[in-house]
Amino acid sequence: MRFESKLPDVGTTIFTVMSRRALEEGALNIGQGFPDYPIDPRLGESLVDAVAEGHNQYAPMEGVIALREQIALKLKTSYAIEFDPGTEITVTCGATEALYDSIQAVVGPGDEAVIFDPAYDAYEPAVRLAGGRCVRIPLTPPAFRFDWDRVRHGLSDRTRLIIVNSPQNPSCTVAERADLDALAALIRDRPITVLADEVYENVLYDGRRHASVLAHAELRPRSFAVFSFGKTLHATGWRVGYCVAPPELTRELRKVHQFNTFSIAAPLQHAIARYLAQYPDSWTGLSAFFEAKRNLLAGLLRGSGFEPVPAAGTYFLLVDYGALSQSSDIEFADRLIREAKIATIPLSPFYATAPKMTLLRLCIAKRDETLKTAAQRLLAFATRR
Ligand SMILES: Cc1ncc(COP(=O)(O)O)c(C=O)c1O
């Protein structure tokens, strides 16, 4: 049978590749973004209770209402806006499904979607599966700022979607309110929807506040905003996320969602709903929690040859190894796995066409002991050379 791949150039993600290499070489994995510490045991107990109480059959397609109500409460606490759980909030299989559904809902054959490099890797394949094409605009290094003039030149009459990720993985930068104003002005008279990937909304450092599209009066009516309990509750394996969007966009998103995953694991939804009801402050200390980890790792690495790049948010930290080597980031990351027994994530796979750079992404969602061991190994590698 002749079979033609729809995504011939898409291989295994860099996260999977590096995690597999870490296993092969017995390396400490501080590349892929997942915590190595346990979830709050009370969240685990909520799950046991939910199963015992019989929440084991299909959940409603749009999500368990108790959870959607808790999400509405969280949004109200964060952004002082009331959202209707009935028509504006949908529970999805992680943020990944919310991204996919949003893209399928608005991108059609021949359409264009703007994304910003270095870009999280889930966007482009979804756009292509919808028959569309990504226009990739680089964030301007070294500070990875938006260049809205450049975005303007990237728009065409086929542009249907702009995907903005803030706090941004992997650059660890955040969009300012002025960026959202510029975005709003740019698309004011165009048929363009915004997809805001805000999974790190609760992880901003040094007193910064998250500029959400939901809190932007002009963007909110034309935006999907995507969130993840994987990040907020340190439970990436639960795969529970959600999408917040005005009713007309939510209606379209749900048409995709209902034939994609239909609904999300019922006991997990009940467990999270109950946990948030009992511990509504469970997520409010996330910035301080991760800021301490960023400071710990950055402090240990400063001056070592793995120079920390200023990070405004997310649970990652970029380091620049330019003082140690000019080899490509993929080569250097593999060398670190073999020689330092540390797995990191190189930055170039986040680009369509990567500029020459010497940056690696480290995940700080790790126990302090893990971060200290990682730093020791990197320091030992740097001094051995
Ligand atoms: C920017 C960004 N968006 C989306 C996701 C996916 O989130 P989830 O694990 O909830 O699907 C991640 C996960 O790392 C991410 O970093």
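Going by the structure above, here's the rest.
Rules used in this analysis
Residues numbered from 1 in each chain as written. Predicted model: local features only at pLDDT ≥ 70, side-chain atom pairs only at ≥ 80, totals over all residues. Heavy atoms only, no water. Core = buried A, V, L, I, M, F, W, Y, C linked by side-chain atoms within 4.5 Å. Buried < 20%, exposed > 50% of the residue type's maximum accessible area, 1.4 Å probe, protein only. Contact = heavy atoms within 4.5 Å. Helix = DSSP H or I, 4+ residues; strand = E, 2+ residues; numbered from the N terminus. Pairing = 2+ DSSP bridges. Axes fitted to C-alpha atoms, helices over the stretch in contact; angles between N-to-C directions. Salt bridge = Lys/Arg side-chain N within 4 Å of Asp/Glu carboxyl O.

Concerning the nonpolar core
Phase 1 of the analysis: Counting 129 residues, the largest nonpolar core has Leu67, Phe116 and Phe306 as the members making the most contacts within it.
Phase 2 of the analysis: The contact partners of Phe306, leaving out residues within four places of it in the chain, are Leu301, Val319, Asp320, Tyr321, Leu324, Phe332, Leu336, Leu378, Phe381 and Ala382.

Re the environment of Pro267
Phase 1 of the analysis: Its place among the elements puts Pro267 in helix H10 (residues 266-278).
Phase 2 of the analysis: Judged by its relative accessible area of 17%, Pro267 is buried.
Phase 3 of the analysis: The spacing of Pro267 and Asn56 is 211 residues in sequence and 6.1 Å in space, taken between C-alpha atoms.
Phase 4 of the analysis: Those residues in contact with Pro267 that sit more than four places away from it in its chain are Leu47, Ala50, Val51, His55 and Asn56.

Things to note about the sheet that holds strand S8 (residues 240-244)
Phase 1 of the analysis: In space, the seven strands of this open sheet follow the order S2-S8-S7-S6-S5-S3-S4, with mixed pairing throughout. With partners counted over all chains shown, the strands left at the sheet margins are strand S2 (89-93) and strand S4 (133-138), one partner each. Taken over all neighbouring pairs, the strand axes of this sheet differ in orientation by 25° on average, direction set aside.
Phase 2 of the analysis: Helix H9 (residues 247-260) rests against S2, strand S6 (193-197), strand S7 (223-228) and S8 of the sheet, and its axis sits at about 30° to S2.

Focus on the environment of Phe227
Phase 1 of the analysis: Along the chain, Phe227 falls in strand S7.
Phase 2 of the analysis: Placed 30 residues apart in sequence, Phe227 and Asp197 show a C-alpha to C-alpha distance of 6.9 Å.

Considerations on the pattern of salt bridges
Phase 1 of the analysis: Under the criterion given, the structure shown has 26 salt bridges.
Phase 2 of the analysis: Here Asp40 and Arg42 are joined by a salt bridge, their closest N and O atoms 2.7 Å apart.
Phase 3 of the analysis: Between Lys372 and Glu369 there is a salt bridge, with the nearest N and O atoms lying 3.6 Å from each other. Within this pair, Lys372 and its partner Glu369 are both found in helix H13 (residues 368-384), separated by three residues, close to a single helical turn.
Phase 4 of the analysis: Residue Lys372 is classed as partly exposed on the basis of its relative accessible area of 34%.
Phase 5 of the analysis: Residues participating in the shared-partner salt-bridge network are Arg21, Glu24, Glu25, Asp334, Arg338 and Lys341.

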